[in-house]
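# A closer look at the structure
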Amino acid sequence: MKSFKRHLITSALPYANGPIHIGHLAGVYVPSDIYTRYLRLRGADVISICGSDEHGVPITLKARKEGITPQEVVDRYHELNKKAFEDFGIAFDIYSRTSNKIHYETASAFFRKLYEKGEFIEKSSNQYYDEEAGCFLADRYIMGTCPHCGNENAYGDQCEKCGTSLSPTDLKSPRSTISGGAPVMRETLHWYLPLDKYEPWLRKWILEEHTEWKSNVYGQCKSWLDQGLQPRAVSRDLDWGVPVPVEGAEGKVLYVWFDAPIGYISATKELTPDWEKYWKDSQTRMIHFIGKDNIVFHCIIFPAMLKAEGSFILPENVPANEFLNLENDKISTSRNWAVWLHEYLADFPGKQDSLRYALCASAPEAKDNDFTWKEFQARNNNELVAILGNFINRTLVLTDKYFQGVVPAAGDLNDYDTSTLAAISELKQAVETNLESFRFRQALAEAMNLARLGNKYLADTEPWKVIKSDPGRVQTILYISLQITANLAILLEPFLPFSMDKLRGWLNITDLNWDAAGSTDLLKKGHRISSGELMFSKIEDQEIEHQVQKLLETKKANEALNTTTLPQKDDISFDEFNRMDIRTATIIEAEKVARTAKLMKLKVETCIDTRTIVSGIAEYCTAEELPGRQVSVIVNLAPRNIKGIESKGMILLAEDASGKMTFMVPENKIKNGSPVK
Ligand SMILES: [Zn+2]
């Protein structure tokens, strides 16, 4: 294998239109972090690069939907995600963003260089244009019926129902997502990267020279290459993005997939004035960590761009993962079907390693995999607590108890001792081999096998019994257990950085690096350690039930969104409407009606009078939060007796398909008794 002087690790730039979820973490950021930490432990020259991808149509669409600017959208999610990554211990050297000035300059210069070298094809074509909104409709600005599955809400770039990638002209009955109207065709000029020109080179570079790439990555590349590559547009008619730096290109920006990977270069520039040695020296090994949806961009398009530019190195490996599902359903930002990192960190304080462990242990490395809260709980309680935590705790507590926290000397070793010690270096080798091949699940399993070995060793040798008859023997047992513990502190550090940092502190071995692992005398006789505390704690059933409940509510809300609206009732006359007397009022007292689930007895100030009304809102709010709230009331509805209470009038509520109710309230505070009409 070729040897390298330094490593450049990139992690796919997350899109700044939503928070980070467990699918992102399992697919990209946990593996890239494990690998980066491993290289650092080896003392390698390594930098880890990431940042927010802040351009592209999903961001402008979200801004339009929320009535804010695209900059406000990306500011919100950049800050949220940057902090969540930091709090989760993802050790990027820089988390930059593609709206930075340095990125605009870098991306523009990159485009200019290719433009001046004549690497682009300039081509006019007809594209959909919204005459009412006065703009071209790129990608997701156009919707219509999918020609493959009939989904009426397919996008101009993809049908999310059947997964087919589309171009806008494939859609039947296209419509603009801005005005809703039918678009017209209009001619527009764009720049294309002729990928077909790079096809023979890509075939050789990937299919012959990188047969070591993961089979899911290699297979997808081969399938793209076998289909034949076409020129690909690198510009778009949009007003959000890096402007195309060519005269006469007003109103055009770089296609987000042209500018995003250049973001790795700009982030490196921002990080260090020495950036060129990481990008332009063949002694640098560049690794892209990505999800499977990005394979074509990182293995075909970006390498073709780098090759066209001419002065940059190419990736040595692109260890893409498949997708993680959640409770047997595809993770989706738009359907809110996800475990969001910032919410996990708030709900499980101090438990970063529990999630890192669960996500690595069932990472979708070779095929899609499923995350369930039950499995997460089992991984934490049955593996981290019961195996790893238990072994470390017993070793430290017994050393403290029998030897006052001082590492004892080993006496004569029996066969069991010798084979246990020999297993340490074998397991270290297994962890390392798997890490080097980007098989993180297996690497973690091998490291955990060392903890299993330690647990078994203690259970078999029973030092707590032997201490009475043979204290010398216990010295040997704990000496060996302590060597296993110290090795775990090193081997598990890339996977469980928070816990292993604590363990290193307790063992007083902050300076040991990866190469030290495997040896059987990491803790010398007489070395002082502290007794530590419990490293992991159990996750209780109710915490898991709370999370499952949250998902069930999401599911219910999604179902409610998808149900059809009730048909309109028969017409009434204006006079009939006018007979209803609806007024604004304020709730002054609230009390749940005993022995009912839904009913709340409310005292309401209408300005006409203060009256009692029974309302079916009790499942959706508490009595304490109601006083002071303004509502709308039909005041002339004939009084009714409900559960023995005379209810005078009715409070207006809106009810969705799932039965969820909410008050109809005046947008601004208004005098009680004001008519609603
Ligand atoms: Zn479809």
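Above this text sits the structure in question.
Below or above, wherever it landed, is the structure these notes cover.

### Observations concerning helix α3 (residues 70–87)
Compared with the 26 Å implied by 1.5 Å per residue over 18 residues, the 26 Å span of α3 between its first and last C-alpha is a close match. Within the span of α3, buried status applies to P70, V73, V74, Y77, H78, N81, A84 and F85. The arc that holds the buried residues of α3, viewed along the axis, is 145 degrees, so those residues lie on one side.

### Re the side chain of E446
Mapped onto the fold, E446 is located in helix α14 (residues 440–461). Buried charge E446 goes without a salt bridge, the closest partner of opposite sign being R452 at 8.4 Å. Look past the residues within four positions of E446 in its chain and what remains in contact with it is L427, A430, V431 and N434.

### So, the coordination of the zinc ion
Listed as protein donors to the zinc ion are C146 (SG), C149 (SG), C159 (SG) and C162 (SG); their distances from the metal cover 2.3 Å. Taken in sequence order, the residues that donate to the zinc ion follow the motif C-x2-C-x9-C-x2-C. One end of the pair, C149, is in the loop between β6 (142–145) and β7 (154–155); the other, C162, is in the loop between β7 and β8 (172–176), and 13 residues separate them in sequence. With relative accessibility at 34%, the residue C149 sits in the partly exposed group.

### Re empty space enclosed by the protein
Summed over all chains, the structure comprises 2 cavities of 30 Å³ or more. Put simply, the largest cavity is a space of about 60 Å³. In terms of lining, the largest cavity is formed by L13, C50, G51, S52, S96, R97, T98, H103, G263, S266 and A267. Listed by contribution, the elements that provide at least two residues to the lining of the largest cavity are β2 (45–52), β3 (94–97) and α7 (256–271). Class assignment for the residues of the lining of the largest cavity results in 3 nonpolar, 7 polar and 1 charged. Space inside the second largest cavity adds up to approximately 50 Å³.

### Section: the sheet that holds strand β17 (residues 369–371)
The 3 strands lie next to each other as β16-β15-β17, forming an open sheet whose pairing is mixed. Edge strands, defined here as strands with exactly one partner in the open sheet, are β16 (329–330) and β17. Here 3 bridges tie strand β15 (residues 324–326) to β17, and the two strands are oriented parallel to one another. Paired with N325 across the strands is D370, a residue of β17.

Quick notes on the rules
- Residues numbered from 1 in each chain as written.
- Predicted model: local features only at pLDDT ≥ 70, side-chain atom pairs only at ≥ 80, totals over all residues.
- Heavy atoms only, no water.
- Helix = DSSP H or I, 4+ residues; strand = E, 2+ residues; numbered from the N terminus.
- Expected span 1.5 Å × (residues − 1).
- Buried < 20%, exposed > 50% of the residue type's maximum accessible area, 1.4 Å probe, protein only.
- Arc of directions from axis to C-beta.
- Lys, Arg positive; Asp, Glu negative; His and termini not counted.
- Salt bridge = Lys/Arg side-chain N within 4 Å of Asp/Glu carboxyl O.
- Contact = heavy atoms within 4.5 Å.
- Donors = N, O, S within 2.8 Å, 3.2 Å for Na, K, Ca; no water.
- 1 Å grid on protein atoms, 1.4 Å probe; cavity = no way out; pocket = protein on both sides within 12 Å on 5 of 7 lines; lining within 4 Å.
- Points joined across faces, edges and corners; volume = space filled by probe spheres on them.
- Nonpolar A, V, L, I, M, F, W, Y, C, P; charged D, E, K, R; others polar.
- Pairing = 2+ DSSP bridges.

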